[in-house]
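Read off the chains here:
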Amino acid sequence: MNCCRRRLRRTAPASSRSRNELVPASVPKVNGWSCPPHIFQLIGWMVYIYMVIVGFGIYIPLLPSLWKLAAYSLIAIAFTVHLVAHIAAVSIDPAHTNVRTKIDYTKSLPFFDRNKQPHVIHNLHCYLCDVQVGPEVKHCGVCHKCVENFDHHCKWLNTCVGGRNYWYFFVTLLSATLGVSLLLMVISFIFIQHYMDPASLRTAPQFDTVVNNGTWLVFLPLVAMETSSVAILVVAFVTILILLICLLLLGHLLGFHFYILANNMSTYDYIMKQRQKEASKRDVEAGISKHSNNNGKGDQNPETSVDCEASLSHSVGTCKYEEKREIASRLSESICTELKNVQKLSNKENSIFYGTELPMNDAPVMGDISGFRLAGGQGGQCVEQPGGKSVEGVPIIHNSLGSSVMEPEGAHL
């Protein structure tokens, strides 16, 4: 039955030292051409080829003569730039320099054992790639390697996007958005013009030999193939739907990358920042919910209730604790410890002075500490002055850490 419990994409243990030292079945990927290809990558190439065939073979040749040259030029430039940038982004290995020089892409990396190391990259050392890396490097669990200036893993390219290929990815995204927008305008114009004035779309010389107005020609001017008017409209309608979906996805992604570039951060940084905001929001909501539940219980509040009283006797204070949380418990314990230290010192000294005045005969003694207060601002430390020597009338105060500080004139505890 143990064979059924094995996780997918693993083989037998590489050694007998640890049961978790398993080897992934996949070796590190060199680039986006490495097998297996992702389904999104295949869909992307199929859509690109479809747009080229439909755009340049069917609809652009139907445009009026004045618009035909402009459409050919602009859309051809956009599609060519997209093809070059796309191939470059997929072909470049985004791995860190030390990974590219050391790692063997023909061998599998050892499976990460959390019993030995808390993180894959710890103290700028990757324990899977076994190389020293920089602070902006992340280990991709899909590509099985450390990527320099990691941004994200792109399923459409089947590779990671990092510092070495980010701008090729950005140009790919920008040119695709521009090409899809131009082609959408062209096909939409032909779809509408087919109902309003179909004669304006039949200006090619090859249409002179066509007698029937219901017959249309495609793949002009090289190969003139006859088709029906219904086929032209159906293909145009389907193509417009595909272009709208592509434009929605590309426009959203392009706008997002314009945003992160303007804010000088990567996709990974943005995701981590959003997760931190969500975690903080959940903590705040949980705190408000707990606080409202505690208020409903009245006197049965589980939060800490610390009662430190200053008495007029030799006993400085008593601390009463009720069901306290861990943080409040530590704070109250620190306060009462300081009070006990003051009590011990009061048995050795006749008096303790607060303020900047010099010791006088009528100074209050330890038995009268009704004016005892906590000092230290937000820290809430009990400051004591066990008869410290003064310099030019400024008494020395010992804080809870044992260090001596001068109290400025006019300061009060």
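Remember, predicted model here, so these are calculated numbers, not experimental data.

Participant: Would you take a moment to explain the overall build of the chain for this structure?
Facilitator: Of regular secondary structure, the chain possesses 8 helices and 16 strands. Looking at the chain as a whole, 35% of its 413 residues are labelled buried. Sequence separation of 24 or more characterises 55% of the internal contacts of the chain that already satisfy a separation of 6 or more.

Participant: Any chance you could explain the side chain of Ser 266 here in plain terms?
Facilitator: Mapped onto the elements of the fold, Ser 266 is located in the loop between helix 6 (229–262) and helix 7 (267–296). The class for Ser 266 is buried, based on a relative accessible area of 14%. Reaching out from Ser 266, the side chain makes a polar contact with the side chain of Asp 269 at a distance of 3.0 Å. Among residues more than four places away in sequence, those in contact with Ser 266 are Phe 150, Asp 151 and Ile 260.

Participant: For this particular structure, what's the right way to read the sheet that holds strand 5 (residues 131–132)?
Facilitator: Strand pairing within a sheet occurs via backbone hydrogen bonds; the two strands may be parallel or antiparallel. Read from one edge of the open sheet, 3 strands run 3-4-5, paired in antiparallel fashion. Of all strands in the sheet, those with a lone pairing partner are strand 3 (121–122) and strand 5, marking the two edges. Pairing of strand 4 (residues 125–126) with strand 5, which is carried by 2 bridges, proceeds in the antiparallel orientation. Across the sheet, Cys 126 pairs through a bridge with Val 131, a residue of strand 5.

Participant: Help me out: how do you make sense of a nonpolar patch on the surface in this one?
Facilitator: There is a patch of nonpolar side chains on the surface, built from Ile 39, Phe 40, Leu 42, Ile 43, Trp 156, Ile 245 and Leu 249 and spanning about 640 Å² of accessible area. Secondary structure elements with two or more residues in the nonpolar patch: helix 2 (39–59) and helix 6. The element contributing the most residues to the nonpolar patch is helix 2, with 4 residues. If you trace the backbone, Trp 156 turns up in the loop between strand 8 (152–154) and strand 9 (159–161).

Participant: Before we go on, may I ask you to explain the packing of aromatic side chains in this structure?
Facilitator: Any aromatic ring pair is given by two values, namely how distant the centres are and how the planes are angled relative to each other. Taken as a whole and judged by the stated rule, the model has 16 aromatic pairs. Taking 6.3 Å as the distance between ring centres and 25° as the angle between the ring planes, the aromatic pair formed by Trp 33 and Trp 45 counts as stacked. One end of the pair, Trp 33, is in the loop between strand 2 (22–24) and helix 2; the other, Trp 45, is in helix 2, with 12 residues separating them in the sequence. Taking 4.8 Å as the distance between ring centres and 45° as the angle between the ring planes, the aromatic pair formed by Trp 67 and Phe 189 counts as tilted. Here Trp 67 is found in helix 3 (residues 65–91), whereas its partner Phe 189 is found in helix 5 (residues 166–196), with 122 residues between them in sequence.

Participant: How do you make sense of the nonpolar core when you look at a structure like this?
Facilitator: Side chains of nonpolar character tend, in soluble globular proteins, to be buried together. In this structure, Tyr 59 and Ile 187 are the most contacted members of the largest nonpolar core, which totals 46 residues. Looking at this core, the elements with two or more residues in it are helix 2, helix 3, helix 5, strand 10 (215–218) and helix 6. In terms of residue count, the dominant contributor to this core is helix 5 (12 residues). If near-sequence neighbours (up to four positions away) are discounted, Ile 187 is found in contact with Val 54, Tyr 59, Ala 236, Thr 239, Ile 240 and Leu 243. Listed in part, the 12 residues of the second largest apolar core include Ala 95, Val 99, Val 131 and Cys 146.

Participant: How should I be thinking about the pairing of strand 11 (residues 225–228) in this particular structure?
Facilitator: Regular strands have side chains that alternate between both faces of the sheet. Note: strand 10 against strand 11, 4 bridges, orientation antiparallel. Across the sheet, the residue bridging to Leu 217 is Glu 226, located in strand 11. Between strand 10 and strand 11, which pair antiparallel one after the other, the connecting turn spans 6 residues, and Phe 219 there sits at a positive phi close to 55°.

Participant: Help me understand the side chain of His 86 in this model?
Facilitator: The topology assignment puts His 86 in helix 3. Owing to a relative accessible area of 9%, His 86 belongs among the buried residues under this scheme. For His 86, the residues in contact, after removing those within four places along its chain, are Trp 45, Trp 156, Leu 157 and Thr 172.

Participant: Whenever I open this one, the pattern of salt bridges confuses me. Can you help?
Facilitator: Side chains carrying opposite charge are able to pair once their charged atoms draw close together. The full count for this structure, using the stated rule, is 2 salt bridges. In this structure, the salt-bridge partner of Asp 130 is Lys 102, at a minimum N-O distance of 3.5 Å. Of this pair, Asp 130 sits in the loop between strand 4 and strand 5 while Lys 102 sits in helix 4 (residues 97–102), and the two are 28 residues apart along the sequence.

Participant: What is the right way to look at the confidence of the model for the chain in this model?
Facilitator: Parts of the model with low pLDDT should not have their predicted coordinates read in detail. Of the residues in the chain, 63% have a pLDDT of 70 or more, and the chain-wide mean is 74. Low confidence marks residues 1–25, where pLDDT is under 50. Its contacts with residues over four positions away, or in another chain, come to 37 contacts. Low pLDDT, under 50, characterises residues 298–328; the predicted model gives this stretch 52 contacts beyond four residues in sequence or across chains.

Participant: Help me understand helix 6, please; the structure alone is not making it clear to me.
Facilitator: For an α-helix, the turn length of 3.6 residues means that residues three or four places apart are oriented alike. Between the first and last C-alpha of helix 6 there are 48 Å, a value that for 34 residues agrees with the 50 Å anticipated at 1.5 Å per step. Phi for Asn 264, located one or two positions after helix 6, is positive at around 55°.

Parameters and conventions
- Residues numbered from 1 in each chain as written.
- Predicted model: local features only at pLDDT ≥ 70, side-chain atom pairs only at ≥ 80, totals over all residues.
- Heavy atoms only, no water.
- Helix = DSSP H or I, 4+ residues; strand = E, 2+ residues; numbered from the N terminus.
- Buried < 20%, exposed > 50% of the residue type's maximum accessible area, 1.4 Å probe, protein only.
- Contact = heavy atoms within 4.5 Å.
- Polar contact = N/O pair within 3.5 Å; in protein donor to acceptor, adjacent residues only side chain to side chain.
- Pairing = 2+ DSSP bridges.
- Patch = residues over 30% accessible without salt bridge, like charges linked within 9 Å, V, L, I, M, F, W, Y side chains within 5 Å.
- Areas by Shrake-Rupley, 256 points an atom, 1.4 Å probe, with all protein chains shown as cover.
- Salt bridge = Lys/Arg side-chain N within 4 Å of Asp/Glu carboxyl O.
- Phe/Tyr/Trp six-rings, centres within 6.5 Å; stacked < 30°, edge-to-face > 60°.
- Core = buried A, V, L, I, M, F, W, Y, C linked by side-chain atoms within 4.5 Å.
- pLDDT = per-residue confidence, 0-100.
- Expected span 1.5 Å × (residues − 1).

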